[in-house]
Amino acid sequence: MKVVILGSGSYSGTPKPLCNCENCSRARINPALRRTRFSLYFEKTLVDPSPDLHYHLERLNRKIERVLITHGHFDHVFGLPELQVFRKVEFHSNGETLEVAKSLSRLAFGSESLEGHEWNYNELKFWENTKVGRMRLVHFPVVHTVKAGGFVIWIGGKKIAITGDTGPEILGDERALKLMEGADLLVAEMTHRKAIPGSHLGVEEAIELAKRVGADYTVFAHISHSNYPHEVLEKRLREAKVEGEVARDFTWVEV
Ligand SMILES: [Zn+2]
Ligand SMILES: [Zn+2]
Ligand SMILES: [Zn+2]
């Protein structure tokens, strides 16, 4: 099965307007170093409709039938109205995040499902095993600045774990670690150089998480412009002997 990381960046993206840091300066010269806001896709499923969704969709050019949302921060959900090209969409997330999704649809279209469309909002309870199409999933809570959760998904004999945005507290959450353990693919956030408690992982914590989960392959994403340059992060992974890579936009992974 193929998973594509559509956007590898965090809230401001890289380059961030008016920023002249090393990553932003380089990304203005080399498009391969640009990072749009976080989103990923597999098997007609989108995780997080980022504000860059139109850019993602026109390049991906594939059908979306369901959308999983980790949390209601703008960099993970504000592209939602771009889904108007799809008539039938099932949204899945925790209640608080679904309220953000619904209000975005109301703002854009005047209703939660625009004229002639069939958009359904399905609330996920944390830790509950839920069947969604061909997949089974568990939405698990993480510590972040708003209500947020990751996903563990079982599909076609494979197990995929996605942290979404999470504070370093995830390293002390045995239940979440156990749930993610032994995944075929872990998509872990690695926002900053240094962790911010209650908010985001740093490089060290993201690597520690990868080791604790012990996934076959780990892809690190949601990389801030202020993090280390791409090749430095890649070197850190090699030194830590982590089987995986630092995502770029449109990184394809064979699971
Ligand atoms: Zn984010
Ligand atoms: Zn910058
Ligand atoms: Zn966030």
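Since the model is a prediction, treat every value here as computed from it, not as a measurement.

Enquirer: Please explain the overall build of the protein as it appears in this structure.
Expert: Across its full length, the protein carries 7 helices and 14 strands. A compact globule built from 255 residues should have a C-alpha radius of gyration of about 18 Å, and the protein, at 17 Å, falls within 12% of that. Each of the three principal axes of the protein carries a C-alpha extent, and together these read 50 × 40 × 30 Å. For the protein, the residues scored as buried account for 56% of the 255 residues in total. Long-range pairs, those at least 24 residues apart, make up 63% of the contacts in the protein between residues at least 6 apart in sequence. Accessible surface, the protein: about 10900 Å² in total, of which carbon and sulfur atoms supply 50%. For the protein, the distance from the average position of its 34 positive side-chain charges to the average position of its 34 negative side-chain charges is 3 Å.

Enquirer: Even after reading the chapter, I still don't get the packing of helix H6 (residues 203–213) against helix H7 (residues 230–240), so can you show me in this structure?
Expert: Each packed pair of helices is defined by two parameters, the angle between the axes and the distance between the axes. At a minimum axis distance of 11 Å, the contact between H6 and H7 shows a crossing angle of 40 degrees. Taken together, H6 and H7 sit at an angle that is classed as oblique. In this structure, H6 meets H7 at a crossing whose hand is right-handed. Between H6, through Val203, Ile207 and Lys211, and H7, the contact on the second element is made entirely by Leu233, Arg236, Leu237 and Ala240. Classifying every residue of the contact of H6 with H7 by side-chain character gives 5 nonpolar, no polar and 2 charged.

Enquirer: I'm lost on the coordination of the zinc ion (ligand 1) in this one. Help?
Expert: Ideal donor angles around a metal are set by the shape: a four-donor tetrahedron calls for 109.5 degrees, a six-donor octahedron for 90 or 180 degrees. The protein atoms that coordinate the zinc ion (ligand 1) are Asp75 (OD), His76 (NE2), Asp165 (OD) and His222 (NE2), at distances spanning 2.1 to 2.2 Å. Sequence spacing among the residues donating to the zinc ion (ligand 1) works out to D-H-x88-D-x56-H. Separating the zinc ion (ligand 1) and the zinc ion (ligand 3) is a distance of 3.5 Å, and Asp165 donates to both of them. Taken together, the residues span a long stretch of sequence, with His76 in helix H3 (residues 74–77) and Asp165 in the loop between strand S10 (158–162) and helix H5 (174–180) at a distance of 89 residues. The same class applies to His76 as to Asp165, namely buried.

Enquirer: Would you mind showing me how to read the pattern of salt bridges here?
Expert: When charged atoms on two side chains of opposite charge get close, those side chains can pair. Under the definition given, this model contains 19 salt bridges. With its nearest N and O atoms 2.9 Å apart, the salt bridge here joins Arg26 to Glu231. One end of the pair, Arg26, is in helix H1 (residues 22–29); the other, Glu231, is in helix H7, and 205 residues separate them in sequence. With relative accessibility at 41%, the residue Glu231 sits in the partly exposed group. The salt bridge involving Glu65 is made with Arg66; its shortest N-O contact spans 3.6 Å. With relative accessibility at 28%, the residue Glu65 sits in the partly exposed group.

Enquirer: Which parts of the structure should I look at to understand the coordination of the zinc ion (ligand 2)?
Expert: Those donors, Cys19 (SG), Cys21 (SG), Cys24 (SG) and His225 (ND1), are the protein atoms that reach the zinc ion (ligand 2), and they lie 2.1 to 2.3 Å from it. Its 4 donor atoms give the zinc ion (ligand 2) angles of 106 to 116 degrees at the centre, a pattern that matches the tetrahedral case. Donor residues for the zinc ion (ligand 2), ordered by position in the chain, follow C-x1-C-x2-C-x200-H. Residue Cys19 is classed as buried on the basis of its relative accessible area of 16%.

Enquirer: Teacher, can you tell me more about the nonpolar core here?
Expert: The tendency in soluble globular proteins is for nonpolar side chains to be buried side by side. Membership of the largest hydrophobic core comes to 31 residues, with the highest contact counts inside it found for Phe140, Ile170, Met180, Leu186, Met190, Leu209 and Phe220. For this core, the secondary-structure elements that each account for two or more residues are strand S8 (135–142), strand S9 (148–155), H5, strand S11 (185–189), H6 and H7. When residues in this core are grouped by element, the largest group, 6 residues, is from H6. Contacts of Met180, omitting those with residues within four sequence positions, involve Phe140, Val152, Lys159, Ala161, Thr163, Ile170, Leu186, Leu209 and Val213. Formed by 23 residues, the second largest nonpolar core is a distinct cluster that contains Phe151, Ile155, Ile162 and Val219.

Enquirer: For this particular structure, what's the right way to read the packing of aromatic side chains?
Expert: Two numbers describe a pair of aromatic rings. These are the distance of the centres and the angle of the planes. Taken as a whole and assessed by the stated rule, the structure comprises 6 aromatic pairs. Between Phe109 and Trp119, the aromatic rings sit 5.9 Å apart at their centres with planes inclined by 85 degrees, giving edge-to-face as the arrangement. Of this pair, Phe109 sits in helix H4 (residues 95–109) while Trp119 sits in strand S6 (residues 118–123), and the two are 10 residues apart along the sequence. Among the aromatic residues, those joined into a cluster by ring pairs are Phe91, Phe109, Trp119 and Tyr121. Seen from the ring of Trp154, Arg136 lies directly overhead, with NZ or CZ sitting 4.1 Å from the centre. The ring centre of Trp127 lies 3.9 Å from the NZ or CZ of Arg175, which sits over that ring.

Calculation notes
Residues numbered from 1 in each chain as written. Chains lettered and ligands numbered in written order. Predicted model: local features only at pLDDT ≥ 70, side-chain atom pairs only at ≥ 80, totals over all residues. Heavy atoms only, no water. Helix = DSSP H or I, 4+ residues; strand = E, 2+ residues; numbered from the N terminus. Rg over C-alpha atoms; globule rule 2.2 N^0.38 Å. Buried < 20%, exposed > 50% of the residue type's maximum accessible area, 1.4 Å probe, protein only. Contact = heavy atoms within 4.5 Å. Areas by Shrake-Rupley, 256 points an atom, 1.4 Å probe, with all protein chains shown as cover. Lys, Arg positive; Asp, Glu negative; His and termini not counted. Charge placed at Lys NZ, Arg CZ, Asp CG, Glu CD. Axes fitted to C-alpha atoms, helices over the stretch in contact; angles between N-to-C directions. Parallel < 35°, antiparallel > 145°, perpendicular 65-115°, else oblique. Left-handed = near helix turned anticlockwise from the far one by under 90°. Nonpolar A, V, L, I, M, F, W, Y, C, P; charged D, E, K, R; others polar. Donors = N, O, S within 2.8 Å, 3.2 Å for Na, K, Ca; no water. Salt bridge = Lys/Arg side-chain N within 4 Å of Asp/Glu carboxyl O. Tetrahedral: all angles 85-135°; square planar, octahedral: opposite > 155°, others 65-115°. Core = buried A, V, L, I, M, F, W, Y, C linked by side-chain atoms within 4.5 Å. Phe/Tyr/Trp six-rings, centres within 6.5 Å; stacked < 30°, edge-to-face > 60°. Lys NZ or Arg CZ within 6 Å of the ring centre and 35° of its normal.

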